[in-house]
Amino acid sequence: MPDQRELRLPDGVRLHVEVSGPADAEATVILLHGWTLDGRAWHRQRADLLDRFGDRVRVVSYDARGHGRSSCMALRTATLAQLGDDLAAVVDEVAPTGPVVLVGHSMGGMTVMEYAHRHPADFAARTAGLVFVSTTAEGHTHTAYGLSPRIARLIRVAETTGAGVLARCGSWRPPRPLLRALAPSIRWMLFGDHCSGSDIRLVTSAVARASLRSIGGFRASIGAQHRLDTLAALAHLPAAALVGDRDRLTPPPCAESIAAALPATELTVCPGAGHMLMMERPDEVNAALAGVLHRVLTAVPAGRTSARRPADAPGHRTAAA
């Protein structure tokens with residue numbers, strides 16, 4: 001069982017943090033979940049990392065402010081910029097030394113980009129590898145929900161209006177009967193061709209734990225973020241990006257632009273998969289993460305990889321369905 005602890009941030013928000021592995025591990029992997037989810041989304045990746053690498057790695061996950069078992073926050077702090085600052089605090093607390101691999105899903109990937117943008121010196125000193133899962137560096141530029149542009153625009157207007165209302169609802173959480181009724185919509189929005197009942201239940205449970213303020217409050221910041229320039233400065237890092245070709249929220253062009261900004265990135269497109277790749281395609285996500293971590297662990301000295309793409313570096317690949 002992971003060690004569970006609470007990290008109190010300067011503004012009084014308490015983050016629920018879970019840590020597995022020794023403090024003197026060769027590298028620390030920090031797993032960042034997506035919007036309305038929590039750290040449990042990574043349970044398959046945590047188990048795989050500990051099985052593959054044992055005591056060589058320390059695995060950290062935490063619930064973002066307003067999500068899961070972390071406390072709610074002031075509405076003005078429901079921004080990606082604040083999440084980037086929170087990540088900097090987590091790194092300082094749970095991984096004060098040694099190389100760090102940052103793994104972000106959706107909003108979690110955007111949080112990694114904000115950390116790089118707002119804390120460039122700390123990021124450069126500590127970060128040795130990156131994995132982006134179903135995320136974007138271009139806000140809602142490519143988000144069309146798998147629908148026609150006209151319908152997508154209508155949905156976005158409705159979503160933006162609804163988010164504004166939810167953001168003012170404070171620490172209240174979604175009623176579970178409502179979420180059960182919305183389960184088919186959650187399944188359509190987040191998953192691809194196939195998903196298990198247990199994964200639907202986990203996602204629904206996570207949404208039930210998120211405060212209405214976080215569900216609505218982060219919407220504007222997520223839609224507006226553009227960090228391709230920030231990524232371009234990280235081209236020397238071992239990296240991977242994964243996306244499902246049925247992803248309605250961050251479709252393949254989102255991952256393709258990340259890979260273009262990070263030329264050494266291995267881009268994996270998973271046929272038939274949606275937005276929840278760590279659940280829908282755990283083997284592909286685990287393999288990509290292990291590949292980046294292996295490069296970090298074998299680097300001598302750690303983190304000093306060439307800015308140029310090696311001749312044998314992997315590029316785009318399509319995962320088996």
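For the structure, check the block above.
Note that the structure is predicted; figures quoted are calculated from it, not measured.

K.L.:
Help me understand the nonpolar core, please; the structure alone is not making it clear to me.
P.N.:
Nonpolar side chains tend to gather and get buried jointly when the protein is soluble and globular. Core analysis: the largest hydrophobic core is formed by 48 residues, its most contacted members being Ile30, Leu87, Leu102, Phe123, Leu130, Phe132 and Leu231. For this core, the element with the highest residue contribution is helix α2 (residues 80-94), accounting for 7 residues. Ranked by size, the runner-up nonpolar core spans 44 residues in total, among them Val29, Leu277, Val296 and Leu297.

K.L.:
Sorry if this is basic, but what is going on with the packing of helix α6 (residues 176-190) against helix α7 (residues 197-209) here?
P.N.:
Pairs of packed helices are described in terms of their axes, by the angle between the two and the distance that separates them. Two elements in contact, α6 and α7, have axes separated by 10 Å at closest approach and are oriented at 120°. With respect to their mutual orientation, α6 and α7 come out oblique. Crossing of α6 over α7 shows right-handed handedness. In this structure, α6 contributes Arg176, Leu179, Ile186, Arg187 and Leu190 to the contact, and α7 contributes Ile200, Val203, Thr204, Ser205, Val207 and Ala208. Looking at the contact of α6 with α7 residue by residue, the classes come out as 7 nonpolar, 2 polar and 2 charged.

K.L.:
Just to check I follow, could you spell out helix α3 (residues 107-118) for this structure?
P.N.:
Given 3.6 residues per turn, any residue in an α-helix points the same way as the ones three and four places further on. Taking 1.5 Å of rise per residue, 12 residues should cover 16 Å, and α3 covers 16 Å from first to last C-alpha, within 8% of that figure. Of all 12 residues in α3, 10 are buried, a share of seventy percent or more. Residues of α3 that are buried include every one of Met107, Gly108, Gly109, Met110, Thr111, Val112, Met113, Glu114, Tyr115 and Ala116, and no others.

K.L.:
Explain the pattern of salt bridges to me, please; I cannot follow it from the model alone.
P.N.:
Two side chains with opposite charge may pair up if their charged atoms get near one another. Scanning the entire structure with this criterion turns up 14 salt bridges. With its nearest N and O atoms 3.2 Å apart, the salt bridge here joins Arg44 to Asp199. Residue Arg44 is found in helix α1 (residues 43-53), and its partner Asp199 is found in helix α7; the two are separated by 155 residues along the sequence. One salt bridge in this structure joins Arg65 and Asp86, with 2.7 Å as the shortest N-O distance. Taken as a pair, Arg65 in the loop between β4 (57-62) and α2 and Asp86 in helix α2 lie far apart in primary sequence, 21 residues in all. Taking relative accessible area as the criterion, Asp86 reaches 3% and is therefore assigned buried.

K.L.:
Help me understand unusual backbone geometry, please; the structure alone is not making it clear to me.
P.N.:
The bulk of non-glycine residues show a negative phi, and the bulk of peptide bonds are trans. With phi around 70°, Thr36 is a residue other than glycine that occupies positive phi space. Examined against the element boundaries, Thr36 turns out to sit in the loop between β3 (27-32) and α1. Given the relative accessible area of 15%, Thr36 is considered buried. Its identity is not glycine, yet Ser106 carries a phi of approximately 55°, on the positive side.

K.L.:
How should I be thinking about the packing of α1 against helix α13 (residues 282-298) in this particular structure?
P.N.:
At a minimum axis separation of 10 Å, α1 and α13 run at an interaxial angle of 45°. The orientation of α1 relative to α13 falls into the category oblique. Judged by the twist between their axes, the crossing of α1 over α13 is right-handed. Of the residues in α13, those in contact with Arg44, Gln45, Asp48, Leu49, Arg52 and Phe53 of α1 are Pro282, Val285, Asn286, Ala287, Leu289, Ala290, Leu293, His294 and Leu297. Tallied by class, residues from the contact of α1 with α13 come to 9 nonpolar, 3 polar and 3 charged.

K.L.:
Mind showing me how you'd approach the packing of aromatic side chains here?
P.N.:
The geometry of an aromatic ring pair is captured by two quantities: the separation of the ring centres and the angle between the planes. Counted by the stated rule, this structure contains 1 aromatic pair. An angle of 65° between the planes, with centres 5.3 Å apart, marks the rings of Tyr115 and Phe123 as edge-to-face. For Tyr115, a relative accessible area of 1% gives the class buried. Here Phe123 falls in the buried class, since its relative accessible area comes to 3%.

Criteria and cut-off values
Residues numbered from 1 in each chain as written. Predicted model: local features only at pLDDT ≥ 70, side-chain atom pairs only at ≥ 80, totals over all residues. Heavy atoms only, no water. Core = buried A, V, L, I, M, F, W, Y, C linked by side-chain atoms within 4.5 Å. Buried < 20%, exposed > 50% of the residue type's maximum accessible area, 1.4 Å probe, protein only. Helix = DSSP H or I, 4+ residues; strand = E, 2+ residues; numbered from the N terminus. Axes fitted to C-alpha atoms, helices over the stretch in contact; angles between N-to-C directions. Parallel < 35°, antiparallel > 145°, perpendicular 65-115°, else oblique. Left-handed = near helix turned anticlockwise from the far one by under 90°. Contact = heavy atoms within 4.5 Å. Nonpolar A, V, L, I, M, F, W, Y, C, P; charged D, E, K, R; others polar. Expected span 1.5 Å × (residues − 1). Salt bridge = Lys/Arg side-chain N within 4 Å of Asp/Glu carboxyl O. Phe/Tyr/Trp six-rings, centres within 6.5 Å; stacked < 30°, edge-to-face > 60°.

Bear in mind that shape data such as this cannot, by itself, settle questions of function.
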